[in-house]
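Secondary and tertiary structure notes
Chain by chain, the residues:
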Amino acid sequence: MKHQRIAVMGGTFDPIHYGHLVTAEAVMYEFQTDQVLFIPSGQPPHKTQREVSPANHRYLMTLLATETNPRFFCSRIEIERTGYTYTVDTIRQLKKLYPQAEIYFITGADAFSEILTWKNPAELLNSCHLVAASRPGYSRTASAAMQQVLQEHQKTVHILEVPALSISSSDIRLRVMQGQPIKYLLPEIVENYIYKHGLYCRT
Ligand code: NAP
């Protein structure tokens, strides 16, 4: 029997937008995964509380954005964990839940380029596939240590270019703050949620 493949989409999702959704669909197609599990981050270790909207808002926006795709799911495992949330702990938890599954952890190329500063990078790199999604033309010179990581893990580290990633959460937040339109950058149901709850109205 074919082993199950699960793509795990990790991110702050503040807010989730079409760039994230197109990335998830592209990974599901490219790596033939059975599903994509979106996991909004709880308390990211590299961000202060003030920088990020409350976890429940980010979770609900992610849930609303993914509900029409029967192969997209949304998980609360990180937002329910107390203290800082580390990806390696999430992958450990998922491997207990799905011992037979091959896991593809997706994140942005910028976030991935810092992986050597994350908790237990060696364990993380050895326990799942990692997909770094980048916008076209993205280039960042990898440090010598990062080049070694890419060399040693070339079978399990994948770089995927996604044109839709020219959309970014920080741009959407800025647009809301400045009263500019955000229509067509994210699902309408998420746009309505943002206005209804007055998110991103001030810095
Ligand atoms: P971030 O620093 O807010 O984002 C960096 C860049 O990556 C942004 O351009 C962002 O675009 C993009 N990005 C983030 N997630 C993406 C995704 N799933 N698909 C495509 N682009 C994405 O990154 P973050 O959201 O806080 O962290 C990303 C993931 O890495 C989370 O799951 C987080 O828990 C994990 N992480 C873990 C550790 C650790 O374990 N120590 C440390 C850092 C990050 P948008 O702003 O448009 O999303």
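1. Quick look at the site of the ligand
Neighbouring residues of the ligand: 24 residues in total, closest T12, H17, H20, K47 and S169. Within the backbone of G11, one N or O atom sits 3.3 Å away from an oxygen atom of the ligand. Contact between the ligand and T12: an oxygen atom at 2.8 Å from a side-chain N or O atom of the residue. Relative to its unbound accessible surface of 860 Å², the ligand loses 87% to contact with the protein. Secondary structure elements with two or more residues in the shell around the ligand: β1 (5–11), β4 (102–108) and α4 (109–112). If one sorts the elements of the shell around the ligand by residue count, β4 sits on top with four residues.

2. Side note on the sheet that holds strand β6 (residues 157–161)
Pairing is parallel in the open sheet, where six strands are placed in the order β3-β2-β1-β4-β5-β6. Edge positions in the sheet fall to β3 (72–74) and β6, since each of these pairs with one other strand and no more. For this sheet the average axis-to-axis angle between neighbouring strands, irrespective of direction, equals 25°.

3. Overview of the packing of aromatic side chains
Under the defined criterion, the tally for this structure stands at three aromatic pairs. Measuring from ring centre to ring centre gives 6.0 Å for F13 and F38, while their planes differ by 50°; the resulting arrangement is tilted. Remark: F38 occurs in strand β2 (residues 35–40) and F13 occurs in the loop between β1 and α1 (18–30); sequence separation between them is 25 residues. Look at F38 and you get buried, because its relative accessible area is 0%. Plain terms: the ring middles of F31 and Y104 are 5.2 Å apart, the flat faces sit at 35° to each other, and that makes the pair tilted. Of this pair, F31 sits in the loop between α1 and β2 while Y104 is found in strand β4, placing the two residues 73 residues apart along the sequence. Overall, the relative accessible area of 13% leaves F31 in the buried class. For Y104, a relative accessible area of 3% puts it in the buried group. Taken together, the aromatic side chains of F13, F38 and F72 make up a single cluster linked through ring pairs. Above the plane of the ring of Y59 lies R76, whose end atom (NZ or CZ) is 4.6 Å from the centre.

4. Re the pairing of β1
Counting buried positions over the seven residues of β1 gives six, a clear majority of the element. Pairing analysis gives five bridges linking β1 to β4, with the strands arranged parallel. By the bridge assignment for β4, V8 is matched with F105. Pairing analysis gives six bridges linking β1 to β2, with the strands arranged parallel. Pairing of G11 across the sheet is with P40, part of β2. Taking the sense of rotation as the criterion, the β-α-β connection linking β1, α1 and β2 turns out right-handed.

Scoring rules and cut-offs
- Residues numbered from 1 in each chain as written.
- Predicted model: local features only at pLDDT ≥ 70, side-chain atom pairs only at ≥ 80, totals over all residues.
- Heavy atoms only, no water.
- Near = heavy atom within 4 Å.
- Polar contact = N/O pair within 3.5 Å; in protein donor to acceptor, adjacent residues only side chain to side chain.
- Areas by Shrake-Rupley, 256 points an atom, 1.4 Å probe, with all protein chains shown as cover.
- Helix = DSSP H or I, 4+ residues; strand = E, 2+ residues; numbered from the N terminus.
- Pairing = 2+ DSSP bridges.
- Axes fitted to C-alpha atoms, helices over the stretch in contact; angles between N-to-C directions.
- Phe/Tyr/Trp six-rings, centres within 6.5 Å; stacked < 30°, edge-to-face > 60°.
- Buried < 20%, exposed > 50% of the residue type's maximum accessible area, 1.4 Å probe, protein only.
- Lys NZ or Arg CZ within 6 Å of the ring centre and 35° of its normal.
- Right-handed = clockwise from strand over helix to strand, strands pointing away.

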